[in-house]
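# Summary of the model geometry
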Amino acid sequence: MEIQLISFGKISEFMESQKMEIPDMSNTDELKTYLEQCFPKLVGMKYKLALNKNMVQTSQELKNNDTIAIMPPFSGG
Amino acid sequence: MNKERYNRQIMLQGFGMPAQMRLTGSAVLVIGAGGLGCPALQYLAAAGIGTIGIVDDDVVSLSNLHRQVLFTTEDIGKLKVEIAAKRLQQMNPEISINTYAVKIDKSNVIDILNYYDVILDGTDNFAARYLINDACALLHKPLIFAAVSGCEGQLAVFNVPDNQNESTNYRDIFPVQPKEGEIPNCAENGILGVLPGVIGTIAATEVIKFITKTGTPLINKLRHYNILSGEQYEINISPANHYTLPKTATELSNMEYEDSCKVSQNYIEIDAKELKSLQNQPSTLVIDVRERHEFPKLNDPFITQAPMSELEELLNQNITQEKIVFICQHGIRSLSAAEAFHEKYGNTKKIYSLKGGIVKWRNHF
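Notes on the structure follow. What you see is a predicted model; the values in this text were computed from it and never measured.

## Remarks on the packing of helix H1 (residues 3–10) of chain B against helix H2 (residues 16–24) of chain B
Residue and element names in this part refer to chain B. Their axes nearest at 10 Å, the elements H1 and H2 cross at an angle of 120 degrees. Regarding the angle of H1 to H2, the classification is oblique. Once H1 is placed against H2, the crossing between them reads as right-handed. Packed against H1, whose contacting residues are Lys3, Tyr6, Gln9 and Ile10, the element H2 presents Gly16, Met17, Gln20 and Leu23 at the interface. Residue composition of the contact of H1 with H2, by class: 4 nonpolar, 3 polar and 1 charged.

Structure below.
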């Protein structure tokens, strides 16, 4: 399946926004595990996912061509 | 009120005198008179917010001036709140300005926030941001959240109910406060001066929209803005329900905001002289935790390179030396590394962090 990945802040330095071919999976929890395997820098980092512009609070069903945004917290002022 | 001063916004369709009167009757608190606070304060004062509070305990330094546009070279060393109040009062003598030359903390946050209708968070660290978020949630104060990183900004309006009577706060996005050094700040990461200018100005816009009930406020949305691409991305925030907010002032005072490593001294912060002396002692390992692309490079064969992003590997190895010294650019990430290694080794090893980092002790390397 294919997803559109949009990354922000520090995360975009090692994970560029891209169309990404991923193995078939059913939900955002599985995607998180997969992304952390592909991008080990994510492990131990605080970040949030949004599925089709809605913040993911509990695991959501993932479909072909979904858009996933991934963002870290910003503290700068 | 001198109507002539506000004439160009009063004449705006959908604004008028009622909106101007709402601005005059409102009290807005801006926490942090830095890159975000300066432009926000300028526009809030100019727009005629009746009472403006400014919280900041810091003094102006030269490296502030490329983005903190209320200050001049002559202001270096002076309290930011005093200079800001003076400039804003010159801009608009009709408004009242209260200054708080303090660091916002658990002991003063409730008293300071209580007086104001709207809070704008323009601080530069997670400890302050989580404290302000929790206090605003506790006091049901509308919070305009603005933060920057590199070339991007984040904006949101918290604690304001939407049409479904649902409101959110920062913990609905990031429930747990990141550890110090986990996410770099401006000093660690660098920042394009105009970025907080744009983001701070949008934050002031959200304050004005909220008070005057004009336009569509950014309620329950997190907006990302990239200054280089010009792209915006908005995400709907929904309540998370898996975190606990302090429900009383007492509960708030029992929360831990300052990084635990600062409170419990599990390691020792040293200066360059002490570093030198440690390097001459046996069984000492000095580790540079900066990423590989950072400058200046240290051409010292006795300094091990282990970037923060690869620290996990080093943590999994068994270090034989008795003393471990961490260094980084500004002495912030090295604290996180020191804390992580203290967690692993406890008091079986002595752990040190170079205070102020390589930048402070540049001549010693």
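This is not the end of the story, as more comes after the structure.
## Observations concerning the pattern of salt bridges
Scanning the entire structure with this criterion turns up 12 salt bridges over all chains. Lys10 of chain A serves as the salt-bridge partner of Glu13 of chain A, at 3.0 Å between the closest nitrogen and oxygen. Classification of Glu13 of chain A as exposed rests on a relative accessible area of 54%. Among the ionic pairs, Lys103 of chain B bridges to Glu258 of chain B, the shortest N-O distance being 3.1 Å. Of the two residues, Lys103 of chain B is situated in the loop between strand S3 (96–100) and helix H5 (109–114) and Glu258 of chain B in the loop between helix H9 (249–253) and helix H10 (260–263); the sequence distance between them amounts to 155 residues. Its relative accessible area of 30% is what places Glu258 of chain B among the partly exposed residues.

## Here we look at the packing of aromatic side chains
Counted by the stated rule, this structure contains 11 aromatic pairs over all chains. Between the aromatic rings of Phe8 of chain A and Tyr233 of chain B, the centroid separation amounts to 5.6 Å while the plane-to-plane angle is 45 degrees, which identifies the pairing as tilted. One end of the pair, Phe8 of chain A, is in the loop between strand S1 (2–7) and strand S2 (18–21); the other, Tyr233 of chain B, is in strand S8 (residues 232–236), on a second chain. Accessibility classification places Phe8 of chain A together with Tyr233 of chain B in one group, the buried group. With 6.3 Å between their ring centres and 20 degrees between their planes, Phe341 of chain B and Tyr345 of chain B make a pair best called stacked. Linking Phe341 of chain B with Tyr345 of chain B, this pair stays in helix H13 (residues 333–345), spanning 4 residues, or about one helical turn.

What counts and how
Residues numbered from 1 in each chain as written. Chains lettered and ligands numbered in written order. Predicted model: local features only at pLDDT ≥ 70, side-chain atom pairs only at ≥ 80, totals over all residues. Heavy atoms only, no water. Axes fitted to C-alpha atoms, helices over the stretch in contact; angles between N-to-C directions. Helix = DSSP H or I, 4+ residues; strand = E, 2+ residues; numbered from the N terminus. Parallel < 35°, antiparallel > 145°, perpendicular 65-115°, else oblique. Left-handed = near helix turned anticlockwise from the far one by under 90°. Contact = heavy atoms within 4.5 Å. Nonpolar A, V, L, I, M, F, W, Y, C, P; charged D, E, K, R; others polar. Salt bridge = Lys/Arg side-chain N within 4 Å of Asp/Glu carboxyl O. Buried < 20%, exposed > 50% of the residue type's maximum accessible area, 1.4 Å probe, protein only. Phe/Tyr/Trp six-rings, centres within 6.5 Å; stacked < 30°, edge-to-face > 60°.

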